[in-house]
Amino acid sequence: MAEMEGLEFGKSDFVLLDEVTMDQFMENLKLRFEKGRIYTYIGDVVVSVNPYKQMDIYGKDAIDAYRGRELYENPPHLYAVSDAAYKVMKRRAKDTCIVISGESGAGKTEASKYIMQYIAAITNPSQRADVESVKNVLLKSNCVLEAFGNAKTNRNDNSSRFGKYMDINFNFNGDPMGGHINNYLLEKSRVVHQQQGERNFHSFYQFLRGGSQETMASCHLQSDPSAYVYTKEGAAATTCNNDYSSHKAVVHALEVIGFSKKEIQSIYQILASILHLGNVQFGSEGENVEVLDLEAVKHISELTGTDADGVIKSLLYRTVATGGGDVIEKGHTEEEACFGRDAFSKALYERLFGWIVGRINDVIEVKDYNPVLHGKNTVIGVLDIYGFEIFDNNSFEQFCINYCNEKLQQLFIELILQQEQAEYKREGIQWQDIDYFNNQIIVDLVEQQHKGLISILDEACLTVGKVTDTVCLDSMDIKLAQHPHYTSRKLTPTDKTMDFQKHFRIRHYAGDVTHNLAVSGPCPGHSP
């Protein structure tokens, strides 16, 4: 039993600490980690420390040890939490949810996979073929979503660059009968720009290094990622993933899920189109901007089934609707054409990813379920969202990601700290209130109507005339000058870690994050 572990392993539950202080908490966590115990409870919450290596604490024997057991009958483990969620769902016919949160690189993606594997292993003892098919598709979907939604960052070789919430539907017997995947906040800016040492999404490198010679020829591609603007930054980046074998596994997973050969071919044609788009360059003579590489345009039109002239027009012009309802076409400058090309590439990848998720949902969603005939349909939800991030250059994506983590922290505070302590008081239990930082003030900084950062950004977008980064930052400085969790170089002139008219800083619960309003990075594609 967990509470009978020897003292050499420390306390298996932080609730059992003699004194609840940060020093005691960290000392206990460090002791358990050094002894090979990467999991520790806080009540029914499990704290995990990423060991960054394979550990022999998973697999069939471990699954059998935790199957049907109560939370404290075994040492702390993800399997125990998974089993507890499953038992609550089955015994009480009540929907449950497992929330996985933590900073980038904490191991959330791996945790979600172990949870899915455990639930798959303990269900369908009668081995019904239809249930096994559903389980197989749910597990294979992870492989596909990782390929198209994950990337190597400087902190993590397999970082989720999107948020995922997966519902698993169960019948009255407790067997999975389907599911649904919601995806959030795909980091589409990664398609066109990566920080030094990082990679684009895995899918590009897997395709280039794992695709057959025939496929490469039909897509007019080389197998070298350094030949393409969008992938050359990560071409030499070392990673523990084998792109060649991963590509084979992804194609197999797509086939198992139910994608046709034509659909799979279309997926990789879109990837090829994006790679060619990245290599399109522009030149100008006077006010006339032109595409320099017509060969790339020809490949793009062939791969997307469109007209070459239409591709050129979409790259060089934009359609503008006037206030009177008229629609006019306006030519791009060379720089605008460059950014337009990148916006086109990002939109293509985002739509491709959304289509893949939708196609998986078409296969796994429960159809024609009659609760009168088949009993109540219950759900276990698994939320795997980005971790809190602090990069050298933090863009709008990091702003959204960290805001989500603030909301998750607020949920944790409400459910674990506020409600639990309120219940103790109602029951007359002698209890010394635990002081904690309530991050509602940071949540309000972002989302408060008329005063928060999102409202200020919305107002800037609605402003008539040209809105620059400087105008937007000035508005933020005026409205948030007195906020204790917001600052900028204008508000703190002596802080030389920020630049005037460029940076602002949010003091999050997990650390200070400096945002760069002009973080879009260089725009490759101008003629020399």
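Residues numbered from 1 in each chain as written. Predicted model: local features only at pLDDT ≥ 70, side-chain atom pairs only at ≥ 80, totals over all residues. Heavy atoms only, no water.

Turning to the overall build of the protein chain, a few remarks are in order. Along its length, the protein chain carries 17 helices and 15 strands. Relative to the globule expectation of 24 Å for 528 residues, the C-alpha radius of gyration of the protein chain, 26 Å, shows essentially globular dimensions. With respect to the principal axes defined by its C-alpha atoms, the protein chain has extents near 80 × 60 × 50 Å. Within the protein chain, residue pairs in contact and separated by at least 24 positions form 62% of the contacts whose partners lie at least 6 positions apart. Of note, the protein chain has its 53 positive side-chain charges centred 2 Å away from the centre of its 72 negative side-chain charges. (Helix = DSSP H or I, 4+ residues; strand = E, 2+ residues; numbered from the N terminus. Rg over C-alpha atoms; globule rule 2.2 N^0.38 Å. Contact = heavy atoms within 4.5 Å. Lys, Arg positive; Asp, Glu negative; His and termini not counted. Charge placed at Lys NZ, Arg CZ, Asp CG, Glu CD.)

Next up on the list: the environment of E336. Take E336: it is sitting in helix α12 (residues 334–364). For the pair E336 and Y317, spaced 19 residues apart in sequence, the C-alpha separation works out to 9.3 Å. Those residues in contact with E336 that lie beyond four places of it in its chain are R318 and G331. Of the polar contacts made by the side chain of E336, one reaches the backbone nitrogen of T333; its length is 2.9 Å. (Polar contact = N/O pair within 3.5 Å; in protein donor to acceptor, adjacent residues only side chain to side chain.)

Within a regular beta strand, the side chains point alternately toward one face of the sheet and then the other, so they alternate between its two faces. Inspection of the sheet shows strand β8 (residues 282–285) paired to strand β9 (residues 288–291) by 4 bridges, in the antiparallel sense. When the sheet's bridge partners are listed, E285 is paired in β9 with N288. In textbook terms, the turn of a hairpin is the stretch between consecutive antiparallel strands, and for β8 and β9 this stretch comprises 2 residues, one of which, G286, has a positive phi near 70°. (Pairing = 2+ DSSP bridges.)

Trans peptide bonds make up most of the peptide bonds, and negative phi angles are found at most residues other than glycine. Despite not being glycine, N124 shows a phi value in the positive range, around 60°. One can find N124 in the loop between α4 (108–122) and α5 (129–149). The backbone phi angle of L185 is positive, close to 55°, even though this residue is not glycine. Mapped onto the elements, L185 comes out in the loop between β7 (176–184) and α6 (202–210). Under the relative-accessibility criterion, L185 is labelled partly exposed at 35%. (Buried < 20%, exposed > 50% of the residue type's maximum accessible area, 1.4 Å probe, protein only.)

Ranked by internal contacts, the top residues of the largest apolar core, which has 86 residues, are F148, F204, L221, Y268, Y349 and I360. A total of 9 residues in this core trace back to one element, the largest contributor, which is α12. Residues within four places of Y349 in sequence aside, it is in contact with A147, F148, L186, V191, F201, S203, F204, L271 and I274. Ranked by size, the runner-up nonpolar core spans 16 residues in total, among them C400, Y403, L445 and C472. (Core = buried A, V, L, I, M, F, W, Y, C linked by side-chain atoms within 4.5 Å.)

Together, D18, E19, D23 and E27 give the surface a local cluster of negative charge. By the element assignment, D23 lies in helix α1 (residues 22–34). (Patch = residues over 30% accessible without salt bridge, like charges linked within 9 Å, V, L, I, M, F, W, Y side chains within 5 Å. Areas by Shrake-Rupley, 256 points an atom, 1.4 Å probe, with all protein chains shown as cover. Salt bridge = Lys/Arg side-chain N within 4 Å of Asp/Glu carboxyl O.)

Okay, the packing of α4 against α5 next. Interhelical geometry of α4 versus α5 gives an angle of 165° and a closest axis separation of 10 Å. In terms of axis orientation, α4 runs roughly antiparallel to α5. When the axes of α4 and α5 are compared, the crossing they make is left-handed. Here T109, K113, M116, Q117 and A120 of α4 come into contact with α5, specifically with K135, L138, L139, N142 and E146. Looking at the contact of α4 with α5, its residues break down into 4 nonpolar, 3 polar and 3 charged. (Axes fitted to C-alpha atoms, helices over the stretch in contact; angles between N-to-C directions. Parallel < 35°, antiparallel > 145°, perpendicular 65-115°, else oblique. Left-handed = near helix turned anticlockwise from the far one by under 90°. Nonpolar A, V, L, I, M, F, W, Y, C, P; charged D, E, K, R; others polar.)

Following the criterion strictly, the structure yields 28 salt bridges and no others. R67 is the salt-bridge partner of D64, the closest N and O atoms lying 3.3 Å from each other. Given a relative accessible area of 34%, D64 falls into the partly exposed group. Taking relative accessible area as the criterion, R67 reaches 37% and is therefore assigned partly exposed. Sharing partners across several salt bridges, the network here consists of R161, E187, R190, E198 and E389.

Next up on the list: the sheet that holds strand β14 (residues 503–508). Hydrogen bonds along the backbone pair up the strands of a sheet, which may run parallel or antiparallel. Across the sheet, which stays open at both edges, the 3 strands sit in the order β13-β14-β15 with antiparallel pairing between neighbours. Single-partner strands in this sheet number two, and they are β13 (486–488) and β15 (511–516). Put simply, the sheet's adjacent strands are angled 25° from each other on average, direction ignored. When β14 meets β15, the two strands line up antiparallel, connected through 6 bridges. When the bridges of β15 are listed, H503 appears paired with N516.

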